[in-house]
Amino acid sequence: MVKTFKIEQSLARIVDKSTVLKVLNYIDSNAVKTPCLVISGDRLRRNFNLLGSGIRNSKVFYAVKANPSIEVLRVIDELGGGFEISSEGELRVLARLGVKPDRIISSNPVKTITFIKEAAAYGIRHYAFDSYTEVEKLANHCPGCNVYIRLSIPNEGSEWPLSKKFGVELDEALQIMLEAKRQGLNPCGITFHVGSQCNNIYNWNIAIDKARLLYTKAQEAGLHLSLLDIGGGYPVKYTKDVLGIDTIERHIDGLIGERFTDDVSILIEPGRVVVGDAGIIIASVTGKADRLDGKWLYIDVGVFNGLMESVGGIRYSYVVETTPHTGRERNWILAGPSCDSFDVIDRNVSLIEPQVGDLILIFSAGAYTTSYASEFNGFTIPDTVIV
Ligand SMILES: Cc1ncc(COP(=O)(O)O)c(C=O)c1O
């Protein structure tokens, strides 16, 4: 039977119509097993091709952690994209696709020795670092490799800040680069991350200003840098409008053009924006309950098996299937399937009342969902399908 979904005007502004149509078509023509993540190949390609197009002398390295499924990686591989990885697990998936090492970098500032050895044997030559310990590890296990230093920068306005765990200030950055040089590595550039889901365009101003200061100090100290890796951070639309790729890149390109010469290579490592809005999770309603604190709606994907980022403040948009039994709109506390009270996705979601077994669509769910998921309590991780 054909399934029906009513997409309100307010939501139509947030989601890409052709992606939704593809997913609805998938639901109509397949016996859908929920939960699953359906990704529009067209949207993925469109996102990837747009990235970097507004920044001079730039190359895009997809941050594999956002969604490492081989289906997604294959699309990016076919587009000739680069990849940014952190672990031997991510490397092995790329190796299965036969991706050449010169298209892979690692910007994880603190890597395991197992990974460094495996990456070095594979032929990967570019690594981020931000400590003396990392210099030693890289010098021992990947002698002579190219290293770029991770600067600490503010992440205000990013919904998923990344600034505390990594990054060093200017003076220390210079000292670590000089030590890298002494140990035979090639300090070749600077990197930073403005924070994931960054909707504050000025984070890039501060970051690029700081990078310029360090670039000058490094040159004065006799280092020859040639690379600026601006990380990721571009946001996607979850429940509201965000800065678009073209706006962000026009801004960044202006900043770089004023501060750096044209021969500096710009690396971009987007993850979320590549795959986030290309994916929709299809889940099923598993239960409902009236409790003292409100009406609870339970679905077969939750915090543990796909929607982990909701714990950190990411709020998704949802649409439930419309049937002859659908009830009126209500506020719900939305929860996942596990028998664990941490598994609460959102405490305030307005939805028409579904029945058990009805489908629920979760928009912009392509990034940091299946990659974060576990099979806790025996619930399955959504399969990924590209349509
Ligand atoms: C080093 C590095 N590069 C790139 C990314 C991708 O960031 P985003 O998904 O916000 O684009 C991350 C995300 O954690 C990261 O840690």
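Visitor: Sorry if this is basic, but what is going on with the overall build of the protein here?
Guide: Scanning the protein from terminus to terminus reveals 11 helices and 19 strands. For the protein, whose C-alpha radius of gyration is 22 Å, the value lies close to the compact-globule estimate of 21 Å for 387 residues. By its C-alpha atoms, the protein is 75 × 40 × 40 Å across when sized along the principal axes. A burial count over the protein gives 56% of its 387 residues as buried. Pairs at least 24 apart in sequence give 73% of the contacts found in the protein among residues at least 6 apart. For the protein, the exposed surface amounts to about 16,100 Å²; the carbon and sulfur share of it is 51%. On the protein, the mean spot of the 41 positive side-chain charges and the mean spot of the 46 negative ones are 1 Å from each other.

Visitor: Help me out: how do you make sense of the environment of Leu359 in this one?
Guide: Along the chain, Leu359 falls in strand E18 (residues 359-362). Residues within four places of Leu359 in sequence aside, it is in contact with Lys3, Phe5, Ile27, Thr34, Ile282, Ala283, Ser284, Val319, Val320 and Glu321.

Visitor: Explain helix H7 (residues 132-141) here, please?
Guide: Note that an α-helix has 3.6 residues per turn; residues three or four places apart therefore point the same way. Residues of H7 that are buried include every one of Glu134, Val135, Lys137, Leu138 and Ala139, and no others. In this fold, the buried residues of H7 make contact with helix H6 (113-122), strand E6 (126-129), strand E7 (146-150) and helix H8 (170-182).

Visitor: Would you explain the domain arrangement of the protein in this entry?
Guide: Put simply, an interface is often sized by how much accessible area is lost when its parts join up. When cut into domains, the protein gives domain 1 (4-39 + 276-386) and domain 2 (52-269). Relative to domain 2, the C-alpha centre of domain 1 lies at a distance of 33 Å. Carbon and sulfur atoms supply 56% of the area that domain 1 and domain 2 bury against each other, a total of about 1,700 Å² over both sides. A per-residue breakdown of the area domain 1 buries against domain 2 is headed by Ile14, Ile314 and Tyr368, which together make up 30% of the total. On inspection of domain 1 and its partner domain 2, the count reaches one salt bridge. For the salt bridge of Arg13 with Asp241, the shortest nitrogen-to-oxygen distance reads 3.5 Å.

Visitor: So what exactly am I meant to see when it comes to unusual backbone geometry here?
Guide: Excluding glycine, a negative phi dihedral is what most residues carry, and trans is how most peptide bonds are arranged. Cis geometry marks the peptide bond from Thr34 to Pro35; its omega dihedral reads -5 degrees. Relative to the helices and strands, Pro35 resides in the loop between helix H2 (17-29) and strand E2 (36-39). Of note, Tyr368 is a non-glycine position whose phi angle comes to about 55 degrees, a positive value. A positive phi is found at Asn377, a non-glycine position, where the angle reads about 65 degrees.

Visitor: Help me out: how do you make sense of the site of the ligand in this one?
Guide: Around the ligand lies a shell of 15 residues, among which Ser196, Glu269, Gly271, Arg272 and Tyr368 are the nearest. Take Ser196: an N or O atom from its side chain is 2.5 Å from an oxygen atom of the ligand. Tyr368 has a polar side-chain atom sitting 2.6 Å from an oxygen atom of the ligand. Protein contacts shield 92% of the accessible area of the ligand, which totals 400 Å² for the unbound molecule. Taken together, the residues of the shell around the ligand break down into four nonpolar, six polar and five charged.

Visitor: Just checking my understanding: could you explain the packing of helix H5 (residues 88-97) against H6 for this structure?
Guide: Any two packed helices are characterised by the angle at which their axes cross and by the distance between the axes. Their axes nearest at 9 Å, the elements H5 and H6 cross at an angle of 25 degrees. Relative to H6, the element H5 lies roughly parallel. Contacts between H5 and H6 involve Glu88, Leu91, Arg92, Leu94 and Ala95 from the former and Thr114, Phe115, Glu118, Ala119 and Tyr122 from the latter. When grouped by side-chain class, the residues that make up the contact of H5 with H6 number six nonpolar, one polar and three charged.

Visitor: I tried to follow the nonpolar core on my own but got confused; where do I start?
Guide: In globular proteins that are soluble, nonpolar side chains generally tend to be buried together. In this structure, Tyr62, Phe192, Trp204, Leu228, Ile230, Tyr234 and Ile362 are the most contacted members of the largest nonpolar core, which totals 101 residues. Composition of this core by domain shows at least three residues from each of domain 1 (4-39 + 276-386) and domain 2 (52-269). When sequence neighbours within four positions are dropped, the list of residues in contact with Trp204 reads Phe192, Val194, Cys198, Ile230, Gly232, Gly233, Tyr234, Ile248, Ile252 and Leu255. Ranked by size, the runner-up nonpolar core spans 16 residues in total, among them Val15, Val20, Val38 and Ile282.

Visitor: Looking at this structure, how should I read the pairing of E18?
Guide: Regular strands have side chains that alternate between both faces of the sheet. Side chains Leu359 and Leu361 project from E18 onto one buried face, and the interleaved Ile360 and Ile362 project onto a second face that is buried too. Alignment of strand E13 (residues 279-291) against E18, held across four bridges, turns out to be antiparallel. The residue of E18 that forms the bridge with Ile281 is Ile362.

About the cut-offs
- Residues numbered from 1 in each chain as written.
- Predicted model: local features only at pLDDT ≥ 70, side-chain atom pairs only at ≥ 80, totals over all residues.
- Heavy atoms only, no water.
- Helix = DSSP H or I, 4+ residues; strand = E, 2+ residues; numbered from the N terminus.
- Rg over C-alpha atoms; globule rule 2.2 N^0.38 Å.
- Buried < 20%, exposed > 50% of the residue type's maximum accessible area, 1.4 Å probe, protein only.
- Contact = heavy atoms within 4.5 Å.
- Areas by Shrake-Rupley, 256 points an atom, 1.4 Å probe, with all protein chains shown as cover.
- Lys, Arg positive; Asp, Glu negative; His and termini not counted.
- Charge placed at Lys NZ, Arg CZ, Asp CG, Glu CD.
- Domains from an automatic or database assignment.
- Buried area = accessible area lost by both parts, 1.4 Å probe.
- Salt bridge = Lys/Arg side-chain N within 4 Å of Asp/Glu carboxyl O.
- Near = heavy atom within 4 Å.
- Polar contact = N/O pair within 3.5 Å; in protein donor to acceptor, adjacent residues only side chain to side chain.
- Nonpolar A, V, L, I, M, F, W, Y, C, P; charged D, E, K, R; others polar.
- Axes fitted to C-alpha atoms, helices over the stretch in contact; angles between N-to-C directions.
- Parallel < 35°, antiparallel > 145°, perpendicular 65-115°, else oblique.
- Core = buried A, V, L, I, M, F, W, Y, C linked by side-chain atoms within 4.5 Å.
- Pairing = 2+ DSSP bridges.

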